[in-house]
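Coordinate analysis (summary)
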Amino acid sequence: PAGRAAEPAILAGGWATLTGLASRADLNGAQAQVLKRCTGKATAGRWKVKVRGEVLAVRAESLAPCEPEDEAAGEQARAEPPRGGGRRREAAPVTAEEPGGKRPRRSRQAAA
């Protein structure tokens, strides 16, 4: 309708208040960091969010865009890269000098 302000959109990296959750009513009113839109058939129309250290797939209609209550928490969350994405670290190679490292094999001929 004309004259009515558009509702704020849900954006990855933003914040939302959880509302209308039936199976997790304990989380209604909690703030969640929006991670990304779900892409699978079973989760179509949902967003991955992080709330109280848990990652959930939540329907878009259960998310109300908001600003983080604790600005310091918001800054920290923006500084942290999302889990499961980005580059993987390679494990450092284990050498013979390090504890747990394998020693080079000696050939049987050299032992004789």
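Above this text is the structure in question.
In short, a report on the structure. Computed from a predicted structure; not experimentally measured. (Residues numbered from 1 in each chain as written. Predicted model: local features only at pLDDT ≥ 70, side-chain atom pairs only at ≥ 80, totals over all residues. Heavy atoms only, no water.)

1. Here we look at the nonpolar core
Selection rule: As used here, the term nonpolar core means buried Ala, Val, Leu, Ile, Met, Phe, Trp, Tyr and Cys residues forming a set that is joined through side-chain atoms within 4.5 Å. Burial classes follow relative accessibility: with a 1.4 Å probe on protein chains only, a residue under 20% of its type's maximum area counts as buried, one over 50% as exposed, and anything between as partly exposed. In this description a helix means any DSSP run of H or I spanning at least four residues, a strand means any run of E spanning at least two, and both kinds are numbered starting from the N terminus. We call two residues in contact whenever any of their non-hydrogen atoms come within 4.5 Å of each other.
Leu18, Val49, Val51, Val58 and Leu63 are the most contacted members of the largest nonpolar core, which totals 14 residues. Secondary structure elements with two or more residues in this core: strand 1 (15-18), strand 2 (31-37), strand 3 (46-51) and strand 4 (54-59). With 3 residues, the single largest contributor to this core is strand 3. Excluding residues within four positions of it along the chain, Leu18 makes contact with Leu27, Asn28, Gly29, Ala30, Ala32, Val49, Val51, Val58, Ser62 and Leu63.

2. Focus on the pattern of salt bridges
Rules: When a carboxyl oxygen of Asp or Glu lies within 4 Å of a side-chain nitrogen of Lys or Arg, that pair is called a salt bridge.
Per the stated rule, a full pass over the model turns up 2 salt bridges. Residue Asp26 is joined to Arg24 by a salt bridge in which the shortest nitrogen-to-oxygen separation is 3.3 Å. A salt bridge links Glu54 to Arg24, with the nearest nitrogen and oxygen atoms 2.9 Å apart. Here Arg24 lies in the loop between strand 1 and strand 2 and Glu54 lies in strand 4, a separation of 30 residues in the sequence. It is possible to trace a salt-bridge network through shared partners that takes in Arg24, Asp26 and Glu54.

3. Points about the pairing of strand 4
Quick note on the threshold: In this scheme, strands are said to pair when DSSP sees at least two bridges between them.
One ladder, built from 6 bridges, connects strand 3 with strand 4; its direction is antiparallel. Across the sheet, Arg46 pairs through a bridge with Arg59, a residue of strand 4.

4. Observations concerning the sheet that holds strand 4
Cut-off, in case you're wondering: Fitting a line to C-alpha atoms yields each axis, with helices limited to the stretch in contact; the angle taken between N-to-C directions then spans 0 to 180 degrees.
Read from one edge to the other, the open sheet built from 5 strands follows the order 4-3-2-1-5, with strand pairing classed as antiparallel. Taken across any chain shown, the strands that pair with only one partner, and hence form the sheet edges, are strand 4 and strand 5 (63-66). Between one strand axis and the next, the sheet turns by 45 degrees as a mean value, whatever way the strands run.

From the geometry alone we can't say anything about function, so treat these as descriptive.
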